[in-house]
Amino acid sequence: MTKELRGNIAIDGPAGAGKSTAARLLAQKIDYLYIDTGAMYRALTWLALCRGIDLNDADKLCALAESTDISLACRENGDISVYCCGEDITAAIRQAEVSRNVSIVARVSRVRKQMLQKQRQMAATDQVVMDGRDIGTYVLPDAPFKFFLTASLEERARRRYEELTAAGEDVTLETVKEEIFQRDKEDSQREIAPLKPAPDATIIDTSDMNINEVVTMLLNLIKERIR
Ligand code: CDP
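About the criteria used
- Residues numbered from 1 in each chain as written.
- Predicted model: local features only at pLDDT ≥ 70, side-chain atom pairs only at ≥ 80, totals over all residues.
- Heavy atoms only, no water.
- Near = heavy atom within 4 Å.
- Polar contact = N/O pair within 3.5 Å; in protein donor to acceptor, adjacent residues only side chain to side chain.
- Areas by Shrake-Rupley, 256 points an atom, 1.4 Å probe, with all protein chains shown as cover.
- Helix = DSSP H or I, 4+ residues; strand = E, 2+ residues; numbered from the N terminus.
- Nonpolar A, V, L, I, M, F, W, Y, C, P; charged D, E, K, R; others polar.
- Contact = heavy atoms within 4.5 Å.
- Pairing = 2+ DSSP bridges.
- Axes fitted to C-alpha atoms, helices over the stretch in contact; angles between N-to-C directions.

Taken together, 20 residues are adjacent to the ligand, and Arg 42, Arg 112, Asp 134, Arg 160 and Asp 187 come closest. A distance of 2.6 Å separates an oxygen atom of the ligand from a polar side-chain atom of Arg 42. Its free accessible area being 530 Å², the ligand has 99% of it covered by the protein chains. Within the residue set of the shell around the ligand, elements represented by two or more residues are α2 (37-50), α4 (96-106) and α8 (173-189). For the shell around the ligand, the element with the highest residue contribution is α2, accounting for 4 residues. Here the residues of the shell around the ligand are counted per class, giving 5 nonpolar, 5 polar and 10 charged.

With that settled, consider the side chain of Gln 114. Along the chain, the position of Gln 114 falls in helix α5 (residues 109-125). A distance of 3.3 Å separates a polar side-chain atom of Gln 114 from the backbone oxygen of Cys 62. Apart from residues no more than four positions distant in its own chain, Gln 114 is found in contact with Cys 62, Ala 65 and Glu 66.

Next up on the list: the sheet that holds strand β5 (residues 87-88). Strands pair in a sheet through their backbones, by hydrogen bonds, and they do so in one of two ways: parallel or antiparallel. Spatial ordering of the open sheet is given by β3-β4-β5, a layout of 3 strands whose pairing is antiparallel. At either margin of the open sheet sits one strand with a lone partner, and together these are β3 (70-74) and β5. With 5 bridges connecting them, β3 and strand β4 (residues 80-84) associate as antiparallel partners. Looking at the pairing, Cys 74 lines up with Ile 80 of β4. Against the sheet, α2 contacts β3, β4 and β5, and its axis sits at roughly 135° relative to β3.

Remember that the coordinates give geometry; whether it matters functionally is a separate question.
See below:
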């Protein structure tokens, strides 16, 4: 399929909808580069928390974003590693404290501008599957393939709870559900680049699907379009 397939693939959706796993597996199958834009916002949030920076201080956050080298690297198994000034922070950016604070950082317009530039640069040099909240609407509005993955709040909370407990985090299903709910609300209600489907995105409810079914559906939809 890669021979005829041209153009970037945008995957957006709320927390825990399975975007990252689906995007990563899809990218592997079609030999595209996977870019996890949430990891970029998480990395900046992690660094700001480590440095004790006031997350409401837009100037300091922007200066931090400008002066810090945050990079994504693809491992052999297709997983993404995240580095900040050479340090591997892949696990650290998934900590609950980062999840609780990332939406505050992500609503700062100048931070978003910097991220947007980096994300567009990456998409200009490679064919990418990029996942996030505003990829189809703002980052890659001309992407020929746009998907919006969603699922019921209950199902998304259950999936995230399983991920976190598997990683050794001490959380309850109720807390995870509440945090996801709050973060989606903040991401959907912010002024700049809120979480919402692009008008031309295909919306897929993955509540009753496993990850392989999601990837197969994405591949089939892409194949149909390029036929
Ligand atoms: O993996 P999960 O669904 O929990 O979230 P993520 O993709 O790691 O994104 C973390 C946070 O970064 C989101 O809740 C948004 O606040 C922000 N984000 C964003 O604003 N725009 C993006 N394109 C990607 C993430």
